[in-house]
Amino acid sequence: EAQVTQNPRYLITVTGKKLTVTCSQNMNHEYMSWYRQDPGLGLRQIYYSMNVEVTDKGDVPEGYKVSRKEKRNFPLILESPSPNQTSLYFCASSFRGLGYEQYFGPGTRLTVT
Amino acid sequence: QKEVEQDPGPLSVPEGAIVSLNCTYSNSAFQYFMWYRQYSRKGPELLMYTYSSGNKEDGRFTAQVDKSSKYISLFIRDSQPSDSATYLCAMSSVNAGNNRKLIWGLGTSLAVNP
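This one's a predicted model, so the numbers in the text were calculated from it and none came from an experiment.

### Structural notes on the overall build of chain B
Phase 1 of the analysis: Assigned secondary structure in chain B consists of zero helices and 11 strands.
Phase 2 of the analysis: The secondary structure elements of chain B, listed N-terminal to C-terminal, are β-β-β-β-β-β-β-β-β-β-β.
Phase 3 of the analysis: Projected onto its principal axes, the C-alpha coordinates of chain B cover approximately 45 × 30 × 25 Å.
Phase 4 of the analysis: Across the 114 residues that make up chain B, the buried fraction comes to 44%.

As structure tokens, then:
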């Protein structure tokens, strides 16, 4: 089954404790993105990748890091999480480009206390 | 002014009604338009996409683009309780390059009552 998977699905952590949210897609897509979704603010792109070892900042990159060492994986790293990073996070991939249809993972609900 | 405006609702309709969901936009360069459905606690799911102007139909769903008015619509015929979800519009100016990102509406919450 073609899909984007994310882990963990739910995470409660404390301020400053480094964490990684994994994302993997099995569709051989070149383009991948991370979004956060907040009430009243909608979906906002954090980082994106156009291919292996090619990543760039989106609209809200502060406090986040990413890497793309393999085509299928695109982990999101929060080196020192803060409460304002409490959000719903989605990974997405696309075969045509960042401005085309995106296929989303199931989401990761992160709470930072 | 936001690039994409979408009424958040909530919109509540009886089962079987025709639903009209809309987005307006300000950037005349947008040419690629998408509608996503998002169930509670799930990721957005692509419903339909259209390029430039015109209509596209898929089962009970019809997407319509009016570039002269900078207005896109999604119509749902014979709405079902399973259509209850948040509907997100998204659009881009893809001809400007492959790294052009999607611009998202905030979503409209729809409830279809049995």
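Now that the structure has been shown, we can carry on.
### Things to note about the pattern of salt bridges
Residue and element names in this part refer to chain A.
Phase 1 of the analysis: By the definition in use, this model includes nine salt bridges over all chains.
Phase 2 of the analysis: Put simply, Lys65 and Glu79 hold a salt bridge, and the shortest N to O gap is 3.2 Å. Taken together, the residues Lys65 in strand β7 (residues 65-66) and Glu79 in the loop between β8 (76-78) and β9 (87-94) connect sequence positions 14 residues apart.
Phase 3 of the analysis: Take Glu79: its relative accessible area is 39%, and that puts it in the partly exposed class.
Phase 4 of the analysis: Beyond isolated ion pairs, a larger network of salt bridges with shared partners links Lys18, Lys65 and Glu79.

### Quick look at the sheet that holds strand β1 (residues 4-7) of chain A
All names here are of chain A.
Phase 1 of the analysis: Ordered by their spatial adjacency, four strands build an open sheet running β1-β3-β8-β7, and the pairing between neighbours is antiparallel. At either margin of the open sheet sits one strand with a lone partner, and together these are β1 and β7.
Phase 2 of the analysis: By the bridge criterion, two bridges tie β7 to β8 in an arrangement that is antiparallel. The residue of β8 that forms the bridge with Val66 is Leu76.

### Let's talk about the sheet that holds strand β8 (residues 71-76) of chain B
Residues and elements named next belong to chain B.
Phase 1 of the analysis: Judged by pairing direction, the sheet is antiparallel, and its five strands sit side by side in the order β1-β3-β8-β7-β6 without closing on themselves. Since the sheet does not close on itself, it has two edges, and those belong to β1 (4-5) and β6 (54-58), each with one partner.
Phase 2 of the analysis: Where β6 and strand β7 (residues 61-66) come together, five bridges link them in antiparallel fashion. Bridge pairing in β7 links Gly54 to Val65.

### Here we look at the interface of chain A and chain B
Phase 1 of the analysis: Every contact between the two is made by 25 residues of chain A and, on the other side, 21 residues of chain B.
Phase 2 of the analysis: Carbon and sulfur atoms make up 53% of the surface buried where chain A meets chain B, a total of about 1,800 Å² over both sides.
Phase 3 of the analysis: Our count for the contact surface shared by chain A and chain B stands at one salt bridge.
Phase 4 of the analysis: Between Asp59 of chain A and Lys101 of chain B there is a salt bridge whose closest N-O contact spans 2.2 Å.
Phase 5 of the analysis: Inspection of the chain A/chain B interface yields six residue pairs in polar contact (both at pLDDT 80 or more).
Phase 6 of the analysis: When residues of the side of chain A that touches chain B are traced back to their parent elements, those giving at least two are β4 (31-38), β5 (42-51) and β10 (103-104) of chain A.
Phase 7 of the analysis: Counting residues per element, the side of chain A that touches chain B draws most heavily on β5 of chain A, which supplies five residues.

### Quick word on the nonpolar core
Phase 1 of the analysis: One finds Val4, Trp35, Ile72, Leu74, Tyr87 and Met91 of chain B to be the most contacted residues of the largest nonpolar core, which totals 25 residues.
Phase 2 of the analysis: If you list the elements that add at least two residues to this core, you get β3 (19-25), β4 (32-38), β5 (45-51), β7, β8, β9 (85-92) and β11 (108-113) of chain B.
Phase 3 of the analysis: Aside from chain neighbours lying at most four places away, what touches Ile72 of chain B is Leu21, Asn22, Cys23, Tyr25, Phe33, Trp35, Gln64, Val65, Cys89 and Met91 of chain B.
Phase 4 of the analysis: If you look at the next biggest cluster of nonpolar residues, it comprises 18 residues, including Trp34, Ile46, Tyr64 and Tyr89 of chain A.

Rules used throughout
Residues numbered from 1 in each chain as written. Chains lettered and ligands numbered in written order. Predicted model: local features only at pLDDT ≥ 70, side-chain atom pairs only at ≥ 80, totals over all residues. Heavy atoms only, no water. Helix = DSSP H or I, 4+ residues; strand = E, 2+ residues; numbered from the N terminus. Buried < 20%, exposed > 50% of the residue type's maximum accessible area, 1.4 Å probe, protein only. Salt bridge = Lys/Arg side-chain N within 4 Å of Asp/Glu carboxyl O. Pairing = 2+ DSSP bridges. Contact = heavy atoms within 4.5 Å. Buried area = accessible area lost by both parts, 1.4 Å probe. Polar contact = N/O pair within 3.5 Å; in protein donor to acceptor, adjacent residues only side chain to side chain. Core = buried A, V, L, I, M, F, W, Y, C linked by side-chain atoms within 4.5 Å.

As far as function goes, none of this settles anything; it's purely spatial.
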